[in-house]
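# Structure assessment
Here's the letter readout for the chains.
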Amino acid sequence: MFDQIILPGGLRVVGEKLSHVRSCTVGVWVKVGSRNESLAENGLSHFIEHMVFKGTKNRTARDIAEEMDMVGGQLNAFTGKECTCYYAKVIDEDLRLAVDILADLALRPTFDEKELNKERGVVLEEIAMVEDTPEDLVHEMLASAQFEGSLSRPILGPGNQIRAYSRDDLLAYWRKHYVAKNMVLSIAGNYNWDQFVELAKQYFDVFPNPDGEEAPQQEQGYIHQRVFKKKDTEQLHLCLGFPGIGAETDDIYPLAVFNNAIGGGMSSRLFQRIREELGMAYSVYTYSSSYQNAGVFNVYAGTTPVNGPVVLKEIQEQLRLFLKEGISEKEFASAKAQLRGGFVLGLESSSGRMQSIGRGMLLHGRMRTPEEALAKIDAVTPERVMEVAKRILSVEPSAAFVGSNAEECVKLVEGAPALC
C-alpha cells in the first residue's frame, strides 16, 4: 500500500513502506529534463543538477559531502529526458538529515559565480568524455536521427551553450521550474509516515517562485535519418532505431518481452547468433525507452570495421526471421520469466521502489502497485508480443554509425529491403 498527500503549497508527497529493511531512500523529483528545454535552453536542466551540489544557503559543497559521509549515507542525482531527481539513501534514524539536505539542494542553492565557472569545466569534460566514448556517442547520434523535437537533443547540452550560460540563465530557469506543482517528494523503506510528512512540511516550506510554471512537454515527431561519424577506432559502433511505445500504454509489457527475446539477454537471438555463433561482437543488445507519448526500440552492436557489413546484415536478418517465425514457446517463457524476475528482485530495493513511485506520480499522476504490474506482466501473450513486434519493425529504421567505415554502412541500410 502507498502513502500519499498533497501539502497545502502543492507539493505531492508519496511513500511505500518496506518494513523488512532498516534503510530508506528519499527522492526529490522535478518535472524538467532535456525534453522540456527550448533549443536555447538545452543543457540547463543538467547544469543545474550539477550546480546545486556546489553550495546552498545553509551548506558548502564540502558540508554536503561530509554530513552525508558521517552517517554512511549515499547522496546523488541524475537528469533524464523528462525529469531530474535528487536522492539520498540512509538508515532510518538519519531520515531527518536526508530530507534536510535534499530540500537544501532543490530549494536553496546559491549558484555561486566562482563555483559555476569551475563546474562549467566539469560539464564540458563530461561532454568531451561522451565524444571520446564511441558507444555513448552513437546512441546520442541515433537520438538526433530519430526525433525532430527536443527528444533529439543531448541531456548534457552542446558545449558552446554550456560555455555561454550565465548565473542569471541558471537562476531564471531554476526559479521557473523548481516549484511545488512541478515536484514530487518520494520515500521508500522503513519510515513513520506522519513523521515524514512533518519533515516535508518543515523543510519544503518555501519554494523559490510560488508562481512558477510546469515545464512544457514538447510534441515529438519521428524521423528516419541515417547519420555517421568517421573516427579512427578499433571498432565500428552501429545502432538501428525504431519508433517504440509510450510509457502510458500497457503495450510496454509485451514490448519488454519482445526485447528480452530478441536482444535483451545472453539467451536472446541476437546475442546467440552474432556473439556465440559468429564471434563477431563482444557487445550486442537491444533496449527500449518509453517517454510520455513517445518511445524508441533500438539495436546496438560493436564490431570490427571489416565485420560491420556482416553484423548489420545479420541483425536485419534476425529481426526479419523473428517476424516470420514468431516467438517460440521456449523463448516466450524465458523472456517473460526474465521480466517477472527482474521486477520482483527490484521490489527488494528501497532505491528501486522510491524511483518507481516517484517517477510514476511525477510523470503519470499515479503509482502502480507491484500486484498491478505483475498482473500486467502475467497477462502478456505470445500474440500480443508479435503484434507489438510487427508494429515496431514495420517502420523504416533510423541508423547511426561511428567508426572508420561508418559511411559505407549507411549505404547498406539505405539499400536494405524492408523487414516486413
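Description of the structure in this document. Computed from a predicted structure; not experimentally measured.

### Observations regarding the overall build of the protein chain
Looking only at helices and strands, the protein chain features 16 helices and 11 strands. Relative to its length of 420 residues, the protein chain is compact, with a C-alpha radius of gyration of 23 Å against a globular reference of 22 Å. Viewed in the frame of its principal axes, the protein chain has a C-alpha envelope of about 60 × 50 × 35 Å. The buried share of the protein chain, reckoned over its 420 residues, is 55%. Partitioning the intrachain contacts of the protein chain with sequence separation of at least 6 by distance along the chain shows that 83% fall at a separation of at least 24. Of the accessible surface of the protein chain, which amounts to about 18,100 Å², a share of 51% is contributed by carbon and sulfur atoms.

### Observations regarding the environment of V99
In this structure, V99 sits in helix α3 (residues 95-107). By relative accessible area, which is 1% here, V99 ends up buried. For the pair V99 and L347, spaced 248 residues apart in sequence, the C-alpha separation works out to 23 Å. When residues no more than four places from it in sequence are discounted, the contact partners of V99 are V26, F196, L199, Y203 and F204.

### Observations regarding the pattern of salt bridges
One pass over the structure, following the stated rule, counts 30 salt bridges. Residue R22 pairs with D92 through a salt bridge whose shortest N-O separation is 2.9 Å. Pair noted here: R22 is in the loop between β2 (12-17) and β3 (23-30) and D92 is in the loop between β5 (84-91) and α3, with a separation of 70 residues, a long-range link. If you follow the salt bridges from partner to partner, you end up with R59, E67, D100, D104 and R108 in one network.

### Some remarks on the pairing of β3
Taken across its 8 residues, β3 has 8 buried, putting it largely inside the fold. Here β3 shows a buried face lined by S23, T25, G27 and W29 and a second buried face lined by C24, V26, V28 and V30. In the sheet, β3 pairs with β5 via 8 bridges, with the strands oriented antiparallel. When the sheet's bridge partners are listed, C24 is paired in β5 with V90. With 7 bridges joining them, β3 and strand β6 (residues 183-189) adopt antiparallel strand pairing. Counterpart to V28 in the pairing with β6 is L185.

### Some thoughts on the sheet that holds strand β8 (residues 236-243)
Strands sit in the order β7-β11-β8-β10-β9 across an open sheet of 5 strands; the sheet is mixed. Every other strand in the sheet has two partners, leaving β7 (226-229) and β9 (283-291) as the edge strands with one partner each. Each neighbouring strand pair of the sheet contributes to a mean axis angle of 15°, computed without reference to strand direction.

### Some points on the sheet that holds strand β4 (residues 74-79)
Pairing within the open sheet is mixed, and its 6 strands lie in the order β1-β2-β6-β3-β5-β4. Pairing within the sheet leaves two strands with one partner each, and these edge strands are β1 (2-6) and β4. If you compare each strand with its neighbour and ignore which way they point, the axes differ by 15° on average.

### Looking at the packing of helix α10 (residues 269-277) against helix α11 (residues 308-325)
Here α10 crosses α11 at 145°, and the two axes come no closer than 10 Å. At the point where α10 passes α11, the crossing takes the right-handed sense. Where α10 abuts α11, its residues R269, L270, R273 and I274 lie against V311, E314, I315, Q318, L321, F322 and E325. Taken together, the residues that form the contact of α10 with α11 break down as 6 nonpolar, 1 polar and 4 charged.

### A word on unusual backbone geometry
The residue F111 is not glycine, and still its phi comes out positive at about 50°. Considering the arrangement of structural elements, one finds F111 in the loop between α3 and α4 (113-131). Owing to a relative accessible area of 0%, F111 belongs among the buried residues under this scheme. Even without glycine at this site, N293 takes up a positive phi of about 60°. Along the chain, the position of N293 falls in the loop between β9 and β10 (294-303). On the basis of relative accessible area, N293 is assigned to the exposed category, the value being 52%.

Here is what the cut-offs are and how they apply
Residues numbered from 1 in each chain as written. Predicted model: local features only at pLDDT ≥ 70, side-chain atom pairs only at ≥ 80, totals over all residues. Heavy atoms only, no water. Helix = DSSP H or I, 4+ residues; strand = E, 2+ residues; numbered from the N terminus. Rg over C-alpha atoms; globule rule 2.2 N^0.38 Å. Buried < 20%, exposed > 50% of the residue type's maximum accessible area, 1.4 Å probe, protein only. Contact = heavy atoms within 4.5 Å. Areas by Shrake-Rupley, 256 points an atom, 1.4 Å probe, with all protein chains shown as cover. Salt bridge = Lys/Arg side-chain N within 4 Å of Asp/Glu carboxyl O. Pairing = 2+ DSSP bridges. Axes fitted to C-alpha atoms, helices over the stretch in contact; angles between N-to-C directions. Left-handed = near helix turned anticlockwise from the far one by under 90°. Nonpolar A, V, L, I, M, F, W, Y, C, P; charged D, E, K, R; others polar.

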